[in-house]
Amino acid sequence: MVLHYLIVKTQWDTILKFAMPASSLCDAHNNCAEKCFKYISQDDWVTSGKLGSRDAVLVFRTNILNPKTRKTLLETTPEQMKLTNVEATSSQSGVVLEKALSSAICKTNATSGQAYVSVEKSLNRNPVKKLHGSFSSCDTSVSSDGDETMQYNEKKPRVQQKNLNSAIVEIEDNLNKESGYNSIPASQFNTGSNSSEEDQEASSEEDKECGINMPAHQLQITYKFIQTETKLLRKIFNVHGLTEVQGESNFNLLWTGVHMKLDTLRNLALYQRVNHFPRSYELTRKDRLYKNIERMQHLRGMKHFDIVPQSFILPLESRDLLFAHNKHRGPWIVKPAASSRGRGIFIVNSPDQIPQDEQVLVSKYIVDPLCIDGHKCDLRVYVLVTSFDPLIIYLYEEGIVRLATVRYDRNADNLWNPCMHLCNYSINKYHSDYIRSSDAQDEDVGHKWTLSALLRHLKLQGCDTHLLMLNIEDLIIKAVLACAQTIISACRMFVPNANNCFELYGFDILIDNTLKPWLLEVNLSPSMGVDSPLDTKVKACLITDLLTCVGIPAFSPEMRSHYNSKSSQIRSSSCHRQEEQRILRSARLQYTRRGGFVRIFPTDDTMQRYGHFLDSANGIPISTPNVQGQAFQTLITQHNYNQMLHSNLYCLGSRCLKDDNCQENRIRQYERALETDSEIPFLKKQIVEKCEEEGRRLRKQLLKKIGSGSTLTHFQARQTFSLYLESVLRRLTQDPKDSHEKIILKFLNRYGGGVKPPVLFRNTQNISKARSAMVAKLLGDFLELYKRDTEAYVDSFDHFGMIPTSAYSLFLMHAQESDLEAVLSHHTNITGIMPFLYNRCGLSVPPTPPIPSGLHGFLRALPAMVSASGLSRDVSKYDGYFKSCDKNLVDMHDISLRSRSTRDFK
């Protein structure tokens, strides 16, 4: 009976061992049999040192996101505790088990594959997809003699699902033959894709229940969020045992979507980590990034830093822009200096079409981009910087390729169309033709591909992908070098410990038709939102590998009490040798747990290629003239940590790491498909089934209450208005033939705020889908800000004369668009107030307009609810568009019959 339980436990452990993620830190394959017995032990979730040591950090894995894996952990952990003594005395049985495991593992290692099983199967195939099925989901490295070799980064060859099941069956057979005991059928341990909805979905309570068994929970490791997307991040933190806190300083990890406060940085303890460096805006603000690169162009030569299109900051450089335009005519792309997600971006054919009363960055538009089946595309690659002095940069092996929804056309009449010229997902997702990949294994389907799929596509076309990726690495390194000097200075002034800060940047890169990469912008906090299985796979692996690579110290509360920001200041001039040893040890440990990250600085040739950009005395990138540089050098110690690190890593003869991080291995890692060892479920937002009959019944009750004198609170009114606009947004996205775009644009224009209609938005023929997508994008931006403001109006209890919260919540659950519109219209007409837009005591509240009866009457009256006198200055300049909008609509038929000359970009 004891051996029977031991067999069951071994089978479970075998399944989990094969399900190790891409960032696994376990030993080589020949030690897999031994590791199977310790999967639940703390050593599998802590690395770089024993638990309790100063170097110990937490391990994060994607396979723990799989509900089946979590369930297995919860079920087997108590059994392991009971069998601890049995394992110590069952040496003979252990030999049998180890032999069976070794036999199965050797056979499964002979094949490569991928254990990832998607939740959904793709039902649609996009016309832009050209190579689906041309490549396997996991490319195996092949040496010159054709033999199969180990993958780069010492990652284990992935085991296909069928190989995993056959391995378990073989273990059973061997156990039955050699021990004479019956074992549980392997079918009960199947980890395939036939899991039910309940298995795929997991609540936060289940996540936390799983996290209780993790070392992070026992060590009371905590995290804190500030203004960031939290769905995927929170799930990963919870299942690994981290606990969320709200306090000011009692956190181990702070993840924020905005720049750090200097007071927070100054008081960081040795064990605390934050996901931003001070003054990162030097790299992430569009105007600062360009100015820093332009400074390097003047200082080091244009040929070395020709990585961004020619740009000008307006209105300061308006004359320079006019001179450049007269010399080389062509379209220009206009971007707000500090915006994101494509907001406020438009393209003009002449500088006189650009507003002159706000600061914008105007860049030369690249008119010959790389296209996939006629669709423009750009790249989002993820860059991790763990240190600026010495400079340590990693590029994640997988990125996202974003395709525009509308086929690219150089005709100048199409400049207005963002779904043709901009590849941002936040814009194109509203187009009715946008296709999402419904299967994470389909990496070249729809309008979002993976970087590896694009590289394999280009390689099949005969393109030099090796040179392309080396140029992308070069672009990233030079962009960081151009901005590093100021960031290093800020780190030395405000960051008390060398390992406190790390940063994940989102580099947006455009490739032209000559395969030259151009840097478009760098994102401070790249989106961690997931809306498809492909997104989930890439970003989940990215985050877990990031957290493991950075290293969250596995400090107990007692250890943390001994470390604070005052007791461990960095880089004292009296301990130079100790600091060098710390830097070298930290870099080596970090590299061993890098997972899917590829270190691109330092490499074996970085000092040869970039050494002349660094100061010879201190190794700091020089981006200012000597006079200013001397003032900067007085703030830092004169130690060249970049040279020291490179010398110790690459100039020590037999200890050299060239074979491990050479160009060939890096390129091979970029081109292979992202490897995941277990299913990562794509958790859709649960949609409650609405009952139309129930919605109509509740609507009648509410209308009767409103007629009897009851009123909506500000929160209820804003909730209703928000849901109503969501319904309108859904119609715009799904039914582009709708004619309400002008009404919505008028409302957004009058309301002002952060939503700005583009300057060049013309009504031409056959643009209904793109037009609706553009309006939907503006409405989506408005809704995001509106919902954020609504949080301040939450009703803590029911007031006299208001509709009960529980009854109103039930109505909102089942209400259709017509129900919401009826309640808003009736409430506005009866009360004469508009709490969904204004406070009751506002001095500039316009009179309530008459609301037409019938369907969409409330929507038609919406623009009149905003006072025209209250137009903000930055929005009122667009009012000229609306005066001509009606005429354009009327003349649509005439325009379609008129012959038009096609003007190409010069």
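Given the structure is predicted, the values throughout are model-derived calculations rather than measurements. (Residues numbered from 1 in each chain as written. Predicted model: local features only at pLDDT ≥ 70, side-chain atom pairs only at ≥ 80, totals over all residues. Heavy atoms only, no water.)

Asker: Hey, could you run me through the overall build of the chain in this one?
Answerer: Each helix and strand counted, the chain has 35 helices and 18 strands in total. Scored against the burial criterion, the 906 residues of the chain give a buried share of 58%. Counting every atom, the chain has about 38500 Å² of accessible surface; 51% of that belongs to carbon and sulfur. (Helix = DSSP H or I, 4+ residues; strand = E, 2+ residues; numbered from the N terminus. Buried < 20%, exposed > 50% of the residue type's maximum accessible area, 1.4 Å probe, protein only. Areas by Shrake-Rupley, 256 points an atom, 1.4 Å probe, with all protein chains shown as cover.)

Asker: I keep staring at the packing of aromatic side chains and nothing clicks. Help me out?
Answerer: Note on aromatic pairs: each is described by the distance of the centres and the angle between the planes. Summed over all chains, the structure comprises 24 aromatic pairs. Counting every residue linked through ring pairs, the aromatic cluster contains Phe721, Tyr724, Phe747, Tyr751, Phe782, Tyr786, Phe836 and Phe858. Between Arg61 and the ring centre of Trp45, over which it is positioned, the NZ or CZ distance is 4.8 Å. Over the ring of Tyr591 we find Arg594, and its NZ or CZ is 3.9 Å from the ring centre. (Phe/Tyr/Trp six-rings, centres within 6.5 Å; stacked < 30°, edge-to-face > 60°. Lys NZ or Arg CZ within 6 Å of the ring centre and 35° of its normal.)

Asker: When you look at the environment of Asp781 in this model, what are you seeing that I'm missing?
Answerer: Along the chain, Asp781 turns up in helix 29 (residues 768-790). For Asp781, a relative accessible area of 10% puts it in the buried group. Along the chain, Asp781 and Arg341 lie 440 residues apart, while their C-alpha atoms are 9.6 Å from each other.

Asker: Honestly, the sheet that holds strand 10 (residues 360-364) in this entry has me stumped. Any pointers?
Answerer: Note: strands within a sheet are paired through backbone hydrogen bonds, in either parallel or antiparallel orientation. The strand order across the open sheet formed by 4 strands is 7-10-8-9, and the pairing between neighbours is antiparallel. On the outer flanks of this sheet lie strand 7 (311-314) and strand 9 (346-348), each paired with one strand and no other. Averaged over all pairs of adjacent strands, the angle between their axes in this sheet comes to 30°, without regard to strand direction. Bridge count between strand 8 (residues 332-336) and strand 10: 5 bridges; the pairing is antiparallel. Looking across to strand 10, one finds that Lys335 is bridged to Leu361. Where helix 14 (residues 318-327) meets the sheet, it contacts strand 7, strand 8 and strand 10, and its direction lies at approximately 145° from that of strand 7. (Pairing = 2+ DSSP bridges. Axes fitted to C-alpha atoms, helices over the stretch in contact; angles between N-to-C directions. Contact = heavy atoms within 4.5 Å.)

Asker: Could you clarify how one ought to interpret the confidence of the model for the chain in this entry?
Answerer: In regions of low pLDDT, the predicted coordinates are not meant to be interpreted in detail. Per-residue confidence for the chain gives a mean pLDDT of 75; residues scoring 70 or more make up 69%. Within the chain, strand 13 (residues 391-396) carries the highest mean pLDDT (98), whereas helix 2 (residues 32-35) carries the lowest (32). Every residue in residues 1-40 scores below 50 in pLDDT, and together they form 119 contacts with partners more than four places removed in sequence or on other chains. Across residues 870-906, confidence stays below pLDDT 50; counting only partners more than four residues off in sequence or on other chains, it has 63 contacts. (pLDDT = per-residue confidence, 0-100.)

Asker: Where do I start with the pairing of strand 3 (residues 222-226) in this structure?
Answerer: Most of strand 3 sits out of view: 4 of its 5 residues are buried. Relative to strand 4 (residues 243-244), strand 3 runs parallel, the two being bridged by 2 bridges. When the sheet's bridge partners are listed, Thr222 is paired in strand 4 with Thr243. Since strand 3 and strand 4 lie parallel, the crossover through helix 10 (residues 231-239) that links them has a hand, and here it is right-handed. The pairing of strand 3 with strand 5 (residues 253-256) spans 4 bridges and is parallel. Directly across from Lys224, in strand 5, lies its bridge partner Leu254. (Right-handed = clockwise from strand over helix to strand, strands pointing away.)

Asker: Looking at this model, I keep getting lost on the pattern of salt bridges. Mind explaining?
Answerer: Any two side chains of opposite charge can pair if their charged atoms end up close together. The tally for this structure, following the rule as stated, stands at 37 salt bridges. In this structure, Lys448 engages Asp535 in a salt bridge whose closest nitrogen and oxygen atoms are separated by 3.0 Å. With Lys448 in strand 15 (residues 448-450) and Asp535 in helix 19 (residues 533-550), this residue pair connects regions lying 87 residues apart in the sequence. A salt bridge links Asp535 to Lys539; the nearest nitrogen and oxygen atoms lie 3.9 Å apart. A residue pair is termed a helical-turn pair when its members lie 3 or 4 positions apart in one helix, as Asp535 and Lys539 do in helix 19 at 4 residues. Both residues of the pair, Asp535 and Lys539, belong to the buried class. The network of salt bridges with shared partners includes Arg436, Lys448, Asp531, Asp535 and Lys539. (Salt bridge = Lys/Arg side-chain N within 4 Å of Asp/Glu carboxyl O.)

Asker: Looking at this structure, how should I read the environment of Gln701?
Answerer: Along the chain, Gln701 turns up in helix 26 (residues 692-707). Among the residues examined, Gln701 registers a relative accessible area of 40% and is labelled partly exposed. Note: C-alpha distance between Gln701 and Phe811 (110 residues apart in sequence) is 9.6 Å.

Asker: Looking at this model, I keep getting lost on the nonpolar core. Mind explaining?
Answerer: Note on soluble globular proteins: their nonpolar side chains tend to be buried together. Among the nonpolar cores identified, the biggest contains 74 residues, and Leu379, Phe388, Ile393, Ile476, Tyr505, Phe507 and Leu519 are the most heavily contacted of them. Residue contributions to this core peak at 18 residues, all from helix 18 (residues 465-494). If sequence neighbours within four positions are ignored, Ile476 has contacts with Val381, Val383, Ile393, Leu395, Phe507 and Ile600. If you look at the next biggest cluster of nonpolar residues, it comprises 55 residues, including Tyr408, Tyr430, Val775 and Leu824. (Core = buried A, V, L, I, M, F, W, Y, C linked by side-chain atoms within 4.5 Å.)

Asker: Help me understand the environment of Gln220, please; the structure alone is not making it clear to me.
Answerer: Tracing the backbone through its elements, the reader meets Gln220 in the loop between helix 9 (215-218) and strand 3. A residue is classified by how much of its surface remains accessible, and Gln220, at 49% relative accessible area, is partly exposed. Here the alpha-carbon distance between Gln220 and Phe251, two residues 31 residues apart in the chain, equals 9.7 Å. The residues touching Gln220, leaving out its near neighbours within four places in the chain, are Asn252, Pro557 and Arg560.

Asker: What am I meant to see in unusual backbone geometry here?
Answerer: Excluding glycine, a negative phi dihedral is what most residues carry, and trans is how most peptide bonds are arranged. Cis geometry is found at the peptide bond from Leu314 to Pro315, where omega equals 10°. If you trace the backbone, Pro315 turns up in the loop between strand 7 and helix 14. Residue Pro602 is bonded to the preceding Phe601 through a cis peptide linkage, with omega at 0°. Here Pro602 shows up in the loop between strand 18 (597-601) and helix 22 (606-610).

Asker: Just checking my understanding: could you explain helix 18 for this structure?
Answerer: Since one α-helical turn is 3.6 residues long, residues separated by three or four positions face the same way. An ideal rise of 1.5 Å per residue puts 44 Å on 30 residues; helix 18 measures up with 41 Å between its terminal C-alpha atoms. For helix 18, the principal kink sits at Ala484 and spans about 50°. Where burial is concerned, most of helix 18 is hidden: 24 out of the 30 residues are buried. Measuring from the backbone nitrogen of His466 back to the side-chain oxygen at the start of helix 18 gives 3.3 Å, which picks out Asp464 as the cap. (Expected span 1.5 Å × (residues − 1). Bend = angle between axes of the 7 residues up to and from the residue. Polar contact = N/O pair within 3.5 Å; in protein donor to acceptor, adjacent residues only side chain to side chain.)

Asker: In this structure, what is going on with the packing of helix 8 (residues 204-211) against helix 10? I would like to understand it.
Answerer: Think of two packed helices as two axes; the pair is described by the angle between the axes and how far apart they sit. The N-to-C vectors of helix 8 and helix 10 enclose an angle of 35°; their axes lie 7 Å apart at closest approach. Across the interface between the two elements, Asp207, Lys208, Cys210 and Gly211 of helix 8 pack against Lys235, Asn238 and Val239 of helix 10.

Asker: Explain helix 31 (residues 817-831) here, please?
Answerer: For helix 31, built from 15 residues, the straight-helix expectation of 21 Å at 1.5 Å per residue is met to within 8% by its first-to-last C-alpha distance of 21 Å. Residues of helix 31 that are buried: Glu817, Asp819, Leu820, Glu821, Val823, Leu824, Ser825, His827 and Thr828. Among the structural elements, helix 26, helix 27 (714-734), helix 30 (805-814) and helix 32 (857-861) are those in contact with the buried residues of helix 31. Once helix 31 ends, the next one or two residues include Gly832, with phi positive near 70°.

Asker: What am I meant to see in the sheet that holds strand 6 (residues 273-274) here?
Answerer: Sheet architecture is open: 4 strands sit in the order 4-3-5-6, paired in parallel fashion. Each of the sheet's edge strands pairs with one partner strand only, and the pair in question is strand 4 and strand 6.

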